Amino acid sequence: QAAAPLHPVAVQCQEAQVVVTVHRDLFGTGRLVRAADLTLGLAACLPVAQSAAESTVTFVAGLHECGSTLELTPDSLIYKTSLSYKPAPSGNLVIVRSSPAVVPIECHYPRKSNVSSNAVRPTWAPFYSTLSAEERLMFSLRLMNDDWSTERLSNGFQLGESLHLQADVVSGDHVPLRLFVDDCVATLSPDRSSSPRYALIDLSGCLVDGRADDTTSAFISPRPRQETLQFMVDAFRFAGDDRNLIYITCHLKVSPADQAPNPLNKACSFNKASSLWAPVEGTGDICSCCETGNCPLHG
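Reading guide: rules and limits
Residues numbered from 1 in each chain as written. Predicted model: local features only at pLDDT ≥ 70, side-chain atom pairs only at ≥ 80, totals over all residues. Heavy atoms only, no water. Disulfide = S-S within 2.5 Å. Helix = DSSP H or I, 4+ residues; strand = E, 2+ residues; numbered from the N terminus. Pairing = 2+ DSSP bridges. Salt bridge = Lys/Arg side-chain N within 4 Å of Asp/Glu carboxyl O. Buried < 20%, exposed > 50% of the residue type's maximum accessible area, 1.4 Å probe, protein only. Contact = heavy atoms within 4.5 Å. Polar contact = N/O pair within 3.5 Å; in protein donor to acceptor, adjacent residues only side chain to side chain. Axes fitted to C-alpha atoms, helices over the stretch in contact; angles between N-to-C directions. Phe/Tyr/Trp six-rings, centres within 6.5 Å; stacked < 30°, edge-to-face > 60°. Lys NZ or Arg CZ within 6 Å of the ring centre and 35° of its normal.

1. Some details on the state of the cysteines
Part 1: Counted by the stated rule, this structure contains six disulfides.
Part 2: Here C184 is linked by a disulfide to C250, with a sulfur-sulfur distance of 1.9 Å. Negative torsions about the S-S bond denote left-handed disulfides, and the value of about 110 degrees found for C184 with C250 makes this one right-handed. Pair noted here: C184 is in strand β11 (residues 177–187) and C250 is in strand β15 (residues 247–256), with a separation of 66 residues, a long-range link.

Put into structure tokens, the structure is as follows:
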């Protein structure tokens, strides 16, 4: 919308920059503000042009410039900045005849399409792909009730019961992902490196607790979905210690869902009936290192 006394600030959201045109009759009183008292953004960028004939001042800034901020919503990229008017005393330093003002400015762009129907600028494509790559994954690990339908309200257990643990990841706009639990360790303090400590899952996805003679601990197969992994662990306590609060810390990771499980990305349980390790998905050979202990730990 054209800048005029009725609409004193006009904003154009372009592909890589924002153009702000300000009519100097900012308050619609007929008294023109000074261009030197107008700035854009937290960085207080100065105007790039001034039209005496039209009594306008123009700012041009890149979307990331002048201290703008970026907000992500499921559907939009929102760049936020502000126009600031800070009148400096003129002549008489004792009084001022104008009030400061801040005008919020936002530019909204769809996340799932280009900004315009024009050819995509070379600078836009790398920015878009970088944004997708840097989006953080949301991991969670929860205690579930016995039928896995809801989160368990209590975290108290009796010896002889089983803990139902569910790991999840929210993949957002990423390619389909498969979740794995790399390792889980139980300790008596939040510090996973403290002593005593007991490994429940180790060796990049081997549920080693299920190898013990008196346990039924195992991964649940099949998965309810690729981005979820469920496993059961028999309740326990540390020998010779009266504390009844145990911390379980797990390292979760993902791989592309179309990538076949391998010795680095696997979920293996010990089957006591066959005395063999078996994966939730993939071929049995990916679990052979759970017995030998020489699984790859990085990659």
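2. With respect to the sheet that holds strand β10 (residues 162–170)
Part 1: Taken in spatial order, the four strands line up as β9-β10-β14-β13 in an open sheet, and their pairing is antiparallel. With partners counted over all chains shown, the strands left at the sheet margins are β9 (138–144) and β13 (218–219), one partner each.
Part 2: The pairing of β13 with strand β14 (residues 228–234) spans two bridges and is classified as antiparallel. Bridge pairing in β14 places F219 opposite F231.

3. A few points about the pattern of salt bridges
Part 1: Per the stated rule, a full pass over the model turns up 10 salt bridges.
Part 2: The closest approach of N and O atoms between E281 and R223, which form a salt bridge, is 2.8 Å. On the criterion of sequence distance, the pair formed by E281 in the loop between β17 (276–279) and α2 (289–292) and R223 in the loop between β13 and β14 is long-range, its members being 58 residues apart. For the pair formed by E281 and R223, the shared burial category is buried.

4. What to know about the environment of H108
Part 1: Position of H108 among the secondary structure elements: in strand β8 (residues 101–110).
Part 2: Other than its neighbours up to four places away in sequence, H108 contacts L77 and I78.
Part 3: Side-chain polar atoms of H108 contact the side chain of E106, separated by 2.8 Å.

5. Brief notes about the sheet that holds strand β12 (residues 197–201)
Part 1: The sheet built from three strands is open, its strands ordered β12-β11-β15 with antiparallel pairing. Among the strands making up the open sheet, the edge pair consists of β12 and β15. Strand-to-strand twist of the sheet, defined as the mean angle between neighbouring strand axes without regard to direction, takes the value 20 degrees.
Part 2: Direction of pairing for β11 relative to β12: antiparallel, over a ladder of four bridges. Bridging across to β12, C184 finds its partner in I201.

6. Brief notes about the packing of aromatic side chains
Part 1: Across all of its chains, the model carries five aromatic pairs by this definition.
Part 2: Ring geometry for F219 against F231: centres 5.7 Å apart, planes inclined by 65 degrees, an arrangement best described as edge-to-face. Here F219 is found in strand β13, whereas its partner F231 is found in strand β14, with 12 residues between them in sequence. As far as burial versus exposure is concerned, F219 and F231 are alike and both buried.
Part 3: Put simply, the rings of Y198, F236 and F238 pair up and form one aromatic cluster.
Part 4: For R152, the ring lying beneath its charged end belongs to F157, and the centroid distance is 3.9 Å.
Part 5: Lying across the ring of F270, R211 places its NZ or CZ 4.2 Å from the centre.

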